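# Descriptive analysis of the structure
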Amino acid sequence: TKIKLSDFLNKWLENEMRPRITSDSYDTYSNVIRRHIIPAAGNIYLETLSSGHIKKLYNHIAEYSISMPGLAKTVMNTSLRFADGKKLISLNPALNVDLPKNIKKKPYHSMNIDVKKTLNQEQILILIEASKDSPIHMQVLFAVLMGLRRGEINGLKYSDVDFIHRKLHVQR
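Now for a quick tour of the structure. Small disclaimer: the values here were computed from a predicted structure and weren't measured. Position numbers for residues count from 1 along each chain, tracking the sequence in the order it is written. Local features in a predicted model are, by the rule used here, given only for residues with pLDDT of at least 70; side-chain atom pairs are given and counted only at 80 or more, and totals for whole chains, interfaces and linings are based on all residues. The side-chain values count all of the structure's non-hydrogen atoms but skip hydrogen atoms and water molecules.

### As for the nonpolar core
- Core analysis: the biggest nonpolar cluster contains 28 residues, and Leu 5, Leu 9, Trp 12, Ile 37, Met 76 and Leu 80 have the highest contact counts within it.
- Contributing elements (two or more residues each) for this core: helix H1 (5-17), helix H2 (23-41), helix H3 (51-62) and helix H4 (68-85).
- Here, residues are in contact when the closest pair of their heavy atoms is within 4.5 Å. Each residue touching Met 76, except ones within four places of it in the same chain, is listed here: Leu 5, Leu 9, Ile 37, Leu 49, Ile 54, Leu 57, Tyr 58 and Ala 94. Among buried residues, those of type Ala, Val, Leu, Ile, Met, Phe, Trp, Tyr and Cys that are joined through side-chain atoms within 4.5 Å constitute a nonpolar core. Only protein chains enter the accessibility calculation, which uses a 1.4 Å probe. A residue is then buried if its area is under 20% of the maximum for its type, exposed if over 50%, and partly exposed in between. Secondary structure is summarised from DSSP: a helix means a run of H or I of at least four residues, a strand means a run of E of at least two, and numbering begins at the N terminus for each.

### Describing the layout of surface pockets
- Cavity and pocket criteria rest on a 1 Å grid covering protein atoms alone: a 1.4 Å probe that fits but cannot get out defines a cavity, protein on both sides within 12 Å along at least 5 of 7 lines defines an open pocket, and an atom within 4 Å of a point defines a lining residue. Grid points are joined across faces, edges and corners, and a volume is the space filled by probe spheres set on the points. In this model, the second largest pocket occupies a volume close to 190 Å³.
- The wall of the second largest pocket is formed by Thr 22, Ser 23, Asp 24, Arg 149, Arg 150, Gly 151 and Glu 152.
- Mapped by element, the contributors of at least two residues to the lining of the second largest pocket are H2 and helix H7 (150-154).
- The dominant element in the lining of the second largest pocket, judged by the number of residues it contributes, is H7, at three residues.
- When its residues are assigned to classes, the lining of the second largest pocket shows no nonpolar, three polar and four charged. Basically, the charged four are Asp, Glu, Lys and Arg, the nonpolar ten are Ala, Val, Leu, Ile, Met, Phe, Trp, Tyr, Cys and Pro, and anything else, Gly included, counts as polar.

### Remarks on the pattern of salt bridges
- Each reported salt bridge corresponds to a side-chain nitrogen of Lys or Arg within 4 Å of a carboxyl oxygen of Asp or Glu. Enumeration over the complete set of coordinates arrives at six salt bridges.
- Salt-bridge contacts for Lys 2 lead to Glu 47; the nearest nitrogen and oxygen are separated by 3.5 Å. Of the two residues, Lys 2 is situated in the segment before H1 and Glu 47 in the loop between H2 and H3; the sequence distance between them amounts to 45 residues.
- By relative accessible area, which is 59% here, Lys 2 ends up exposed.
- Looking at Glu 47, the relative accessible area reads 44%, which means it is partly exposed.
- The residue Arg 18 makes a salt bridge to Glu 14 at a minimum N-O spacing of 3.0 Å.
- Note on Glu 14: relative accessible area 30%, which makes it partly exposed.

Right under this line is the structure:
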């Protein structure tokens, strides 16, 4: 009955989530738990955790980050739903706890591109030319010309390419 939030979250992440989520998602969850949730609320016992504690946690994280409170909310909702299902808590204190109002939501599908970190056309041509005889040439082409991430490139199959309609279906 005396389980601290930090102990619970670490065990939940390793035993329940790690086998079910991608390594990128695991890294994100782990980062949120270790850098934000545990330092702010890790010493609270699960049985005494309240919606006030969770609201205070979100407000604390929102003071220095825009995106982290949303990620913390996802972690808290998911983990405490699991705890509730396993009868570790009598009711889920994360239910109906809203994020602080001072967090500005990003517009859907908007991107800020840092021009200093992007390659210009000449650099792209050099990169493509340099990768021609390497085993990662196609990956470089997909990354540079189509903007795909490494995981999306590695998940592609020949059947994902529609040569007739000139479309690529990214689904893995």
